[in-house]
Amino acid sequence: MERPSRIILIRYFRGECSSSERELIQMYLAMNSDAEYVEDCLREAWPDIQSDTQMSVDNADLENFKQRFHIQKTASGTPFGKPAEERYQNVGATQQDVNEYPSADTGTAPVRSLPWLMKFAAAIILLVGSSVLLWKTLGLHSEKEQLAKHTVKIEPGADNALLALADGKVIKLSDITVGTTLKLQNGVQVEKKSDGDIVYHASNGRTASEKEYNTVTTPNGGQYRVTLPDGSKAWLNAGSSLNYPLRFASKERRVKMTGEVYFEIAKLSFPNGSGQHGRVPFYVETNRQEIQVLGTHFNVNAYPEEPYIVTTLTEGRVRVKSDRGKSVVLMPGEQALVADDISVRQVDASTYLAWITGDFVFKGEPLQSVLRKVARWYDIEIECPPELGKLHFSGMISRSQPLSTIIDMLETTKKVKVTLTERRLTVRN
């Protein structure tokens with residue numbers, strides 16, 4: 001491919017290109033060539049990008065690129081102050097990335113790194129083992145072009161959940177106006193603070209029963225956040241549920257969950273007989289394990305279709321106990337995998353918490369696992385042959401993108417063909 005002229009590249013970095021020019025430039029950047037030429041153009045455009053603080057840009061990716069580029073510039077004094085080999089490192093997938101995901105198939109080869117420029121300019125996925133770059137610039141195709149290729153347009157998931165009350169009444173939270181406060185049993189109140197966020201408030205002078213439970217349930221294609229009566233916070237991913245009392249017991253707090261939930265547990269204490277105060281433990285129950293915490297942040301993935309229940313700790317300490325009686329204590333950055341046994345490993349916790357901030361992040365993850373996450377978020381059915389499901393992927397893409405973006409990226413590898421019929425996605429080779 002013939003490289004773009006300096007004028008067009010500079011216009012691209014300034015956000016002045018047409019959609020057709022952007023597409024050609026992104027194809028050129030994906031080739032990972034002419035790094036010095038690209039940087040020379042970027043250096044020339046940088047003063048305008050830096051000084052134009054009132055700039056209004058439709059392309060959100062360009063804004064993201066500018067912010068990250070500024071961080072790079074601040075850290076090094078100048079964005080071009082380091083040798084090329086230092087600026088380009090730690091961007092692509094590695095063999096270690098592949099081994100971070102539990103899989104019997106780890107015989108994959110590392111993929112060459114991409115320039116940091118492409119990391120910020122596009123959403124990138126790398127097909128590990130074949131050195132095929134699979135990428136898609138957000139906003140590259142117009143909605144009309146997307147619809148022309150995929151007759152069914154499926155939007156990403158959104159804030160959506162049902163609240164089941166202790167008296168059996170079920171409330172669709174998306175039907176409740178923001179700012180509304182619902183009065184529940186014994187003076188307990190729950191407020192919808194914003195879309196996708198409810199907060200419980202303790203009663204004044206009235207005591208709810210420890211046996212009165214509420215349950216928040218998110219469907220496939222939904223997510224929600226709950227602040228529990230004790231002040232602890234829980235984020236529910238798609239296809240999940242959380243069952244909790246309107247009032248916790250004085251010496252322990254206990255909830256039950258399914259699916260995937262991220263917790264930030266409030267620290268509480270109670271007076272003991274010696275005049276001192278003991279911590280009130282918090283327990284999270286799933287179908288195959290129990291987690292005991294005192295005050296910490298952690299994520300639990302307990303979907304029944306997954307091979308493991310995965311608990312990832314980011315702060316504090318937790319004890320994970322399997323239904324067979326074996327237990328382990330996790331430290332920050334550690335992860336417990338529970339099946340017939342319990343295993344513990346060191347991980348990059350941010351990979352497993354990316355869904356909270358609106359991203360899919362994969363590190364050496366089998367295609368079959370990637371597709372299960374896609375199916376839950378877009379509320380679709382998946383059909384994929386086992387041999388294709390073993391392909392490993394690393395990369396990142398926003399969960400706010402329509403399903404057509406995922407389809408386009410998969411097909412770019414030319415390793416698979418994807419068809420979408422109504423809400424069924426079929427993968428073939």
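Presented here is an overview of the structure given in this document. All of these numbers come straight from a predicted model, not from anything done at the bench.

## Remarks on the overall build of the protein
Move 1: If you tally the helices and strands in the protein, you get twelve helices and 28 strands.
Move 2: Expressed as a percentage of its 429 residues, the buried residues of the protein come to 50%.
Move 3: Counting only carbon and sulfur atoms, one obtains 48% of the accessible surface of the protein, whose full area is about 20,500 Å².

## Regarding the sheet that holds strand β28 (residues 424–428)
Move 1: Taking strand neighbours across the sheet as the criterion, the three strands line up as β25-β28-β27 in an open arrangement whose pairing is mixed. Where the open sheet ends on each side, the last strands, each with one partner, are β25 (381–383) and β27 (417–421). Within this sheet the neighbouring strands show an average axis-to-axis angle of 20°, counted without direction.
Move 2: The sheet contact formed by β27 and β28 spans five bridges and is antiparallel.

## Re empty space enclosed by the protein
Think of a ball as big as a water molecule: rolled over the atoms, this probe shows where empty space is left.
Move 1: Taken as a whole and assessed by the stated rule, the structure comprises six cavities of 30 Å³ or more.
Move 2: In this model, the largest cavity occupies a volume close to 390 Å³.
Move 3: Taken together, 30 residues make up the lining of the largest cavity; nearest its centre are Glu260, Asn301, Tyr352, Glu365 and Lys373.
Move 4: The set of elements that each furnish at least two residues to the lining of the largest cavity consists of β18 (297–302), β19 (309–315), β22 (334–338), α9 (349–353), β24 (359–366) and α10 (367–378).

## Observations regarding the pairing of strand β10 (residues 222–227)
Move 1: In the sheet, strand β3 (residues 158–159) pairs with β10 via two bridges, with the strands oriented parallel. What sits directly across from aspartate 159, in β10, is glutamine 223.
Move 2: Here three bridges tie strand β8 (residues 197–201) to β10, and the two strands are oriented parallel to one another. Across the sheet, residue valine 199 finds its bridge partner in β10, namely threonine 227.
Move 3: Sheet topology note: the β10/strand β11 (residues 233–236) ladder contains four bridges and is antiparallel. Residue pairing for β11: threonine 227 is matched across the bridge by lysine 233.
Move 4: In this structure, the hairpin formed by β10 and β11 is closed by a connection of five residues, where glycine 231 is found at a positive phi of approximately 95°.

## Observations regarding unusual backbone geometry
Move 1: Even without a glycine there, the phi angle at aspartate 379 is positive, about 55°.
Move 2: Looking at the element boundaries, aspartate 379 is found in the loop between α10 and β25.
Move 3: The exposure class of aspartate 379 is partly exposed, given its relative accessible area of 36%.
Move 4: Positive phi outside glycine occurs at glutamate 422, with the angle close to 55°.
Move 5: In this fold, glutamate 422 is placed in the loop between β27 and β28.
Move 6: Given the relative accessible area of 61%, glutamate 422 is considered exposed.

## A short note on the packing of aromatic side chains
Move 1: One pass over the structure, following the stated rule, counts six aromatic pairs.
Move 2: Consider the rings of tyrosine 200 and tyrosine 244, whose centres lie 5.4 Å apart with planes at 85°: the pair is edge-to-face. Of this pair, tyrosine 200 sits in strand β8 while tyrosine 244 sits in strand β12 (residues 240–245), and the two are 44 residues apart along the sequence. The pair tyrosine 200 / tyrosine 244 is uniform in exposure class, with both members buried.
Move 3: Relative to phenylalanine 362, the ring of phenylalanine 360 has its centre 5.9 Å away and its plane inclined at 20°; by these criteria the two rings are stacked.
Move 4: Taken together through their ring pairs, the aromatic side chains of Phe248, Phe263, Phe282 and Phe298 make up a single cluster.
Move 5: If you follow arginine 376 out to its NZ or CZ, it ends over the ring of tyrosine 303, 3.6 Å from the centre.
Move 6: Lying across the ring of tryptophan 377, arginine 399 places its NZ or CZ 3.8 Å from the centre.

Calculation rules
Residues numbered from 1 in each chain as written. Predicted model: local features only at pLDDT ≥ 70, side-chain atom pairs only at ≥ 80, totals over all residues. Heavy atoms only, no water. Helix = DSSP H or I, 4+ residues; strand = E, 2+ residues; numbered from the N terminus. Buried < 20%, exposed > 50% of the residue type's maximum accessible area, 1.4 Å probe, protein only. Areas by Shrake-Rupley, 256 points an atom, 1.4 Å probe, with all protein chains shown as cover. Pairing = 2+ DSSP bridges. Axes fitted to C-alpha atoms, helices over the stretch in contact; angles between N-to-C directions. 1 Å grid on protein atoms, 1.4 Å probe; cavity = no way out; pocket = protein on both sides within 12 Å on 5 of 7 lines; lining within 4 Å. Points joined across faces, edges and corners; volume = space filled by probe spheres on them. Phe/Tyr/Trp six-rings, centres within 6.5 Å; stacked < 30°, edge-to-face > 60°. Lys NZ or Arg CZ within 6 Å of the ring centre and 35° of its normal.

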